[in-house]
Amino acid sequence: MNAPLPTGRSDTAAGTSRLALLALSVAAFAIGTTEFVIMGLLPEVASDLHVSIPSAGLLVSGYALGVAAGAPLLAALTARMERRNALLLLLGLFILGNALCAVAPNYGVLMVARVVAAFCHGSFFGIGAVVASHLVPRGQAARAIALMFTGLTLANVLGVPFGTFLGQWAGWRSTFMAVTGLGVVAAIAVWRLVSSLPDLPSPQMKRELGVLRQPQVLLALLMTVLGFGGVFTVFTYIAPILQQVSHVSVGATGWVLILFGVGTTVGNMLGGRLADWRLMPSLVGVLVLLSLIMLVFAWTMHNTVASVVTVFVWGVAAFATVPPLQMRVVQQASEGPHLASTLNIAAFNLGNAIGAFIGGSMIGMGLGLPSVSVAGAVVALLGLLVTLASAALERRRTASVAACAVGA
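Residues numbered from 1 in each chain as written. Predicted model: local features only at pLDDT ≥ 70, side-chain atom pairs only at ≥ 80, totals over all residues. Heavy atoms only, no water.

Colleague: Explain the overall build of the chain to me, and be specific about the residues and the numbers.
Modeller: Within the chain one finds 16 helices and zero strands. Classification of the 408 residues of the chain by burial places 58% in the buried group. Pairs at least 24 residues apart make up 86% of the contacts formed inside the chain by residues separated by at least 6 positions. Of the accessible surface of the chain, which amounts to about 15500 Å², a share of 71% is contributed by carbon and sulfur atoms. (Helix = DSSP H or I, 4+ residues; strand = E, 2+ residues; numbered from the N terminus. Buried < 20%, exposed > 50% of the residue type's maximum accessible area, 1.4 Å probe, protein only. Contact = heavy atoms within 4.5 Å. Areas by Shrake-Rupley, 256 points an atom, 1.4 Å probe, with all protein chains shown as cover.)

Below, the structure written as structure tokens:
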């Protein structure tokens, strides 16, 4: 990873760094809103476009697959661009995609528009994570990444619930019109507040691709796919779960999503601190907690109060995984972090797509909405197993290096 700025920065430099991180967070807020708001509007979209709830849920999978496909493509196309200009280009693509969502006349066009909007996602967060970690002193990289991702979690606190309210009141298209406006604000913030970084060189694609041959990098990406995939197995269908099983009214659903968003914000910042403290043990603990909560949710979702409490705790655990999962990839791919960081965002969204598909399949097979939560727990447990395997491999390598050193 590129060397961070020295600890003894001036107050002016520190203030500039904070403003740059704020701009990245604003952009993350806009992108997070368009990614997650569809979950709160699934019933409205399905009704308006005359498709089933599982079919509407595939709009989540379509977006996620757009991220997965667009991440390596856009990373290659923007590799030689100055980092701020690359971020602005990606935000322009985001604005275009969401404008198309707002005017989409049918399900097919909406799916294409969601994919277009998704293309910017992976590269933006991948580049943004590297930039964020470059702006802070050594030892604070995970917290800087967490600060950028705070915009993503605040999207759950503010963007998603208020987007849901707006969509229920004025139609789901109005939500995407508002998101388009958010994209414009985000682009202006990045343009004004993120300065060029001449000491942050453009990635060398040969070196970047080389790190993908490392087993630990590949394991880290798989940890993300499975560890976070369990979250979206459930979250994709959170509105039907709350309304049909927990008996939360349509109007109150948005308030429950606000509570979930508060939990994700707490979890994101907690995850950043835990990752800077002890990365792998913290990640193992969070994944254990996340799996248990989703198992419990299969039972508590039948009670309104218990389901609301569980949703909050679940939000904390779900997003406590984000900074350590992202930091693990950046750490293991230190010789070529740009592409690996971008691909990890794609891995998050590949997990989202797989999770949405698994959840929809459980519903389609007639197993009921509680089974979706059980399936999410199983997926997260698979992520835990991969994490334990990665930690074991790392311990063996460390022991081998130590033995060689003693022998020498």
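We are not done yet, so read on.
Colleague: Which residues make up the packing of aromatic side chains, and what are the values?
Modeller: Taken as a whole and judged by the stated rule, the model has twelve aromatic pairs. Their ring planes at 85 degrees and their centres at 6.1 Å tell us that Trp 172 and Phe 176 sit as a pair that is edge-to-face. With Trp 172 and Phe 176 both in helix H7 (residues 172-193) and four residues apart, this pair spans about one turn of that helix. One exposure class covers both Trp 172 and Phe 176, and it is buried. Judged by centre distance (6.1 Å) and plane angle (25 degrees), the ring pair of Phe 297 and Trp 314 falls under stacked. Taken together, the positions of Phe 297 in helix H12 (residues 279-300) and Trp 314 in helix H13 (residues 304-320) put the pair 17 residues apart, joining distant regions of the chain. Pair check on accessibility: Phe 297 and Trp 314 agree, each one buried. The rings of Phe 228, Phe 232, Phe 235, Phe 260, Phe 297, Trp 314, Phe 319 and Phe 348 are connected pair by pair, giving a single aromatic cluster. Over the face of the ring belonging to Trp 277 we find Arg 278, whose NZ or CZ atom lies 5.9 Å from the ring centre. (Phe/Tyr/Trp six-rings, centres within 6.5 Å; stacked < 30°, edge-to-face > 60°. Lys NZ or Arg CZ within 6 Å of the ring centre and 35° of its normal.)

Colleague: Got a sec to walk through the environment of Val 330? Specific residues and values, please.
Modeller: Position of Val 330 relative to the elements: it lies in helix H14 (residues 322-332). For Val 330, a relative accessible area of 3% puts it in the buried group. Put simply, Val 330 and Thr 342 are twelve residues apart on the chain and 9.7 Å apart in space, counted from C-alpha to C-alpha.

Colleague: So what's going on with empty space enclosed by the protein? Which residues, and what values?
Modeller: Evaluation of the coordinates by the stated rule reveals three cavities of 30 Å³ or more. Of the voids in this model, the largest cavity is the one considered here, and its volume is about 100 Å³. Considering the residues around the largest cavity, the lining is formed by 13 residues, among which Glu 35, His 121, Leu 152, Phe 348 and Asn 349 are closest to the centre. Listing elements by their share of the lining of the largest cavity, those giving two or more residues are helix H1 (11-40), helix H5 (107-134), helix H6 (141-170) and helix H15 (337-364). Residue contributions to the lining of the largest cavity peak at four residues, all from H15. Residue composition of the lining of the largest cavity, grouped by class: nine nonpolar, three polar and one charged. (1 Å grid on protein atoms, 1.4 Å probe; cavity = no way out; pocket = protein on both sides within 12 Å on 5 of 7 lines; lining within 4 Å. Points joined across faces, edges and corners; volume = space filled by probe spheres on them. Nonpolar A, V, L, I, M, F, W, Y, C, P; charged D, E, K, R; others polar.)

Colleague: Could you give an account of a nonpolar patch on the surface, with specific residues and numbers?
Modeller: Taken together, Val 288, Leu 292, Leu 295, Val 374, Val 378, Leu 382, Leu 385 and Leu 388 make up a surface patch of nonpolar side chains, about 650 Å² in accessible area. Counting only elements with at least two residues in the nonpolar patch, the list comes to H12 and helix H16 (369-407). Ranked by residue count, the leading element in the nonpolar patch is H16, at five residues. Topologically, Leu 385 is positioned in helix H16. A residue is classified by how much of its surface remains accessible, and Leu 385, at 55% relative accessible area, is exposed. (Patch = residues over 30% accessible without salt bridge, like charges linked within 9 Å, V, L, I, M, F, W, Y side chains within 5 Å. Salt bridge = Lys/Arg side-chain N within 4 Å of Asp/Glu carboxyl O.)

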